[in-house]
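# Survey of secondary and tertiary structure
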Amino acid sequence: MPVSRYMELCLTHPEHGYYIARDPLGREGDFITAPEVSQMFGELLGLWAASVWKAMGTPDAVRLIELGPGRGTLMMDALRAIRVLPPFYLACHVHLVEINTRLRDKQRATLVGVKNVHWHDSIDEVPEGPSIILANEFFDVLPVHQMVRKETGWHERVVEINAAGRLAFGTAAEPTPRFEVLLPPLVRAAPVGAVFEWRPPLEIMKIARRTREFGGAALIVDYGHTRSDAGDTFQAIARHTFADPLKSPGLCDVTAHVDFQALAQAAEDIGARVHGPVEQGAFLRRLGIETRAVTLMSKANAQVSEEVASGLKRLTEGGRSGMGSLFKVLGVSHPSITELAGLTDNPAPTEPSIAARTNVG
Ligand code: SAH
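Treat the numbers as computed from the prediction; the structure is a model and nothing was measured.

## Let's talk about the environment of F260
Secondary-structure assignment places F260 in helix α8 (residues 260–270). As a C-alpha pair, F260 and G324 span 64 residues in sequence and 16 Å in three-dimensional space. In this structure F260 touches I220, D222, Y223, G224, H225, T226, P277, K328 and L330, once residues within four positions along its chain are discounted.

## A few points about the site of the ligand
Around the ligand there are 17 residues in total, and T33, G68, G70, E98 and N136 lie nearest to it. Between the ligand and G70, the relevant distance is 3.0 Å, taken from an oxygen atom to a main-chain nitrogen or oxygen of the residue. Taking N136, its side chain carries an N or O atom lying 2.7 Å from an oxygen atom of the ligand. Considering only residue class, the shell around the ligand consists of 9 nonpolar, 5 polar and 3 charged.

## A short note on unusual backbone geometry
Most of the time, phi is negative for any residue but glycine, and the peptide bond is trans. Cis geometry marks the peptide bond from G276 to P277; its omega dihedral reads 5°. You can see P277 is positioned in strand β14 (residues 273–279). Notably, E137 is not glycine yet its phi reads approximately 50°, a positive angle. Taking the relative accessible area as the measure of exposure, E137 reaches 14% and is therefore buried. Despite not being glycine, H240 has its phi angle at roughly 70°, a positive value. Note on H240: relative accessible area 38%, which makes it partly exposed.

## Quick notes on the packing of helix α3 (residues 39–55) against helix α4 (residues 73–82)
Direction vectors running N to C along α3 and α4 enclose 55°, while the axes themselves pass 7 Å from each other. On the basis of their axis angle, the class for α3 and α4 is oblique. Crossing angle aside, the handedness with which α3 passes α4 is right-handed. Across the interface between the two elements, Q39, F41, G42, E43, L45, G46, L47 and A49 from α3 touch L74, D77, A78, R80, A81 and I82 from α4. Its residues assigned to classes, the contact of α3 with α4 comprises 8 nonpolar, 3 polar and 3 charged.

## Some points on the packing of aromatic side chains
Here the structure, examined in full by the defined rule, presents 7 aromatic pairs. Ring centres of F179 and F196 lie 6.4 Å apart, and the angle between their planes is 55°; this geometry places the pair in the tilted category. Here F179, found in the loop between β7 (167–171) and β8 (195–198), pairs with F196, found in strand β8; they are 17 residues apart in sequence, far enough to count as distant. Accessibility classification places F179 together with F196 in one group, the buried group. Their ring planes at 80° and their centres at 5.4 Å tell us that Y223 and F327 sit as a pair that is edge-to-face. Within this pair, whereas Y223 is found in strand β9 (residues 216–225), its partner F327 is found in strand β15 (residues 327–333), the two being separated by 104 residues in sequence. Each member of the pair, Y223 together with F327, is buried. Among the aromatic residues, ring-to-ring pairing joins W154, F179 and F196 into one connected group.

## A few points about the domain arrangement of the protein chain
Entries for the protein chain in the domain assignment read domain 1 (14–141 + 200–356) and domain 2 (145–196). A C-alpha centroid distance of 32 Å is found between domain 1 and domain 2. Contacts between domain 1 and domain 2 engage 11 residues on the former and 13 residues on the latter. For the pairing of domain 1 and domain 2, the buried interface totals around 980 Å² over both sides, and the portion due to carbon and sulfur atoms is 69%.

## What to know about the nonpolar core
Membership of the largest hydrophobic core comes to 54 residues, with the highest contact counts inside it found for W48, F88, I132, L219 and F283. For this core, the leading source of residues is α3, giving 10 residues. Discounting residues that sit within four places of it in the chain, W48 has contacts with I132, L134, A217, A218, L219, F283, L287, L340 and A341. Counting residues in each nonpolar core, the second largest holds 26 residues, with L67, A135, L142 and F260 among its members.

## A word on the sheet that holds strand β6 (residues 153–161)
Overall, antiparallel pairing links the 4 strands, which are arranged β7-β6-β5-β8 in an open sheet. Lying at the two open borders of the sheet, with one neighbouring strand each, are β7 and β8. Along the sheet, successive strands turn relative to each other by an average axial angle of 35°, direction set aside. Two elements, strand β5 (residues 145–150) and β6, share 4 bridges in a ladder whose sense is antiparallel. Counterpart to V148 in the pairing with β6 is H155. Docked against the sheet, helix α1 (residues 3–12) engages β5, β6 and β7, running at close to 40° with respect to β6.

## Regarding the pairing of strand β10 (residues 235–238)
Pairing analysis gives 3 bridges linking β10 to strand β12 (residues 253–255), with the strands arranged antiparallel. The residue bridging A236 from the neighbouring strand is V254, located in β12. The pairing of β10 with strand β11 (residues 241–243) spans 3 bridges and is classified as antiparallel. For I237, the partnering residue across the bridge sits in β11 and is F242. Taking the residues between adjacent antiparallel strands as the criterion, β10 and β11 are bridged by 2 residues, where R239 takes a positive phi near 50°.

Rules and cut-offs
- All residue numbers refer to positions counted from 1 along the written sequence of the respective chain.
- The predicted nature of this model means local features are confined to residues of pLDDT at least 70 and side-chain atom pairs, given and counted, to a pLDDT of 80 or more, with totals for whole chains, interfaces and linings taken over all residues.
- Note that water and hydrogens are dropped before the side-chain values are worked out from all heavy atoms of the structure.
- Comment: elements are numbered from the N terminus, with helices defined as DSSP H or I runs of at least four residues and strands as E runs of at least two.
- Residues count as neighbours in contact if any of their non-hydrogen atoms are within 4.5 Å of one another.
- What makes a residue near a molecule or strand is one non-hydrogen atom of that residue sitting within 4 Å of it.
- In protein, a polar contact means a hydrogen-donor-capable atom and an acceptor-capable atom, both N or O and within 3.5 Å, with residues adjacent in sequence counting only if both atoms are side-chain atoms; elsewhere, any N or O pair within 3.5 Å suffices.
- Charged residues are taken to be Asp, Glu, Lys and Arg, nonpolar residues to be Ala, Val, Leu, Ile, Met, Phe, Trp, Tyr, Cys and Pro, and polar residues to be all remaining types, Gly included.
- Only protein chains enter the calculation, and the probe is 1.4 Å; a residue is then buried if its accessible area is under 20% of its type maximum, exposed if over 50%, and partly exposed in between.
- Axis definition: a line fitted to C-alpha atoms, over the contacting stretch in the case of helices. Angles run 0 to 180 degrees between N-to-C directions.
- Oblique is the label for every angle not falling under 35 degrees (roughly parallel), over 145 degrees (roughly antiparallel), or within 65 to 115 degrees (roughly perpendicular).
- Each helix crossing is assigned a hand: it is left-handed if the near helix lies turned anticlockwise from the far helix by less than a right angle, otherwise right-handed if that turn is clockwise.
- Aromatic pairing here means that ring centres of Phe, Tyr or Trp (its six-membered ring) are within 6.5 Å. Orientation follows from the plane angle: under 30 degrees is stacked, over 60 is edge-to-face, and everything else is tilted.
- By convention here, the domain bounds are inherited from an automatic or database domain assignment.
- By convention, the term buried area covers the 1.4 Å-probe accessible surface removed from two parts as they join, with the contributions of both added.
- The set of buried Ala, Val, Leu, Ile, Met, Phe, Trp, Tyr and Cys residues whose side-chain atoms join them within 4.5 Å is what this entry labels a nonpolar core.
- Here, any two strands with at least 2 DSSP bridges between them count as paired.

This is the structure in structure tokens:
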């Protein structure tokens with residue numbers, strides 16, 4: 001089967017899929033995400049949403065949609081920031097797109113007390129209307145196709161059973177006809193053996209269409225590259241380290257980097273406006289993460305202060321352990337919104353006073 005089908009089954013097979021009934025997040029789980037690192041991440045995304053709501057002309061009702069909301073942490077932190085602006089808070093209808101029943105239960109528990117929360121299996125089910133959409137580490141779990149360059153052309157990479165009865169990578173016997181015409185410029189001269197990944201653009205097209213038709217904007221944060229290029233990024237992660245993606249199907253997270261140039265292109269083709277991408281570190285700094293950290297630290301004891309400082313580093317710094325440069329942020333909006341906070345060189349929105357979350361880490 002193509003790598004994309006394998007990835008799809010590993011993640012979303014109704015019985016054995018990794019994302020069907022497991023909570024993979026946190027220090028005890030397989031990986032940790034930005035909102036789980038620090039409350040500042042969700043809070044700043046909440047402020048970002050508030051600035052979008054203003055740019056939209058402060059509509060009375062807006063759909064605040066999150067794709068793949070994990071434990072609900074990002075939304076909880078965002079709403080804490082949004083509460084500082086009561087007319088926006090009152091305008092928000094929260095829509096969570098989540099296929100994982102276990103995580104839905106966690107989200108329900110995290111967001112207890114918040115009115116107007118709805119769950120959906122797909123963004124297609126979210127009712128029409130002006131929308132602000134957040135997606136952190138959602139796109140990397142959507143299946144990718146891998147194509148391998150051979151003398152005979154570009155062949156689909158497949159997962160097959162080898163002579164020893166084990167799963168192994170192979171390639172389709174025949175090349176995919178005329179695949180070259182779809183290649184981005186950097187990949188056209190790729191040597192034999194090169195791998196090119198592409199993700200069907202269905203989800204980004206839905207996001208772009210929604211913002212173009214009903215107004216609003218989307219923020220996509222994920223690990224990936226800003227220019228489409230060759231490279232094999234198909235990977236498995238279990239217990240915070242890389243694993244063999246063919247070893248334990250359904251038991252570890254399988255992902256591939258996000259091609260932000262491809263996302264931007266697909267959104268523009270639909271007629272939405274694209275902003276960025278920029279690196280996560282620069283984005284969060286422009287939104288004022290350093291000021292927010294100082295505010296939190298001034299009110300905290302030594303241990304919490306230390307957690308805020310290490311969270312700031314982890315979210316903004318580059319290098320192997322930081323998320324600051326590996327992660328990119330892309331904005332997609334209605335064409336009438338010409339600037340989005342953090343994605344242009346605007347001054348950051350001013351920080352309102354938000355009560356601290358007790359669990360900072
Ligand atoms: N955004 C969260 C979680 C990232 S993990 C955070 O930053 O912590 C990926 C999330 O997407 C999980 O909530 C997972 O259950 C969900 N998910 C995976 N595949 C999905 C799909 N096809 N449709 C909707 N949600 C999906």
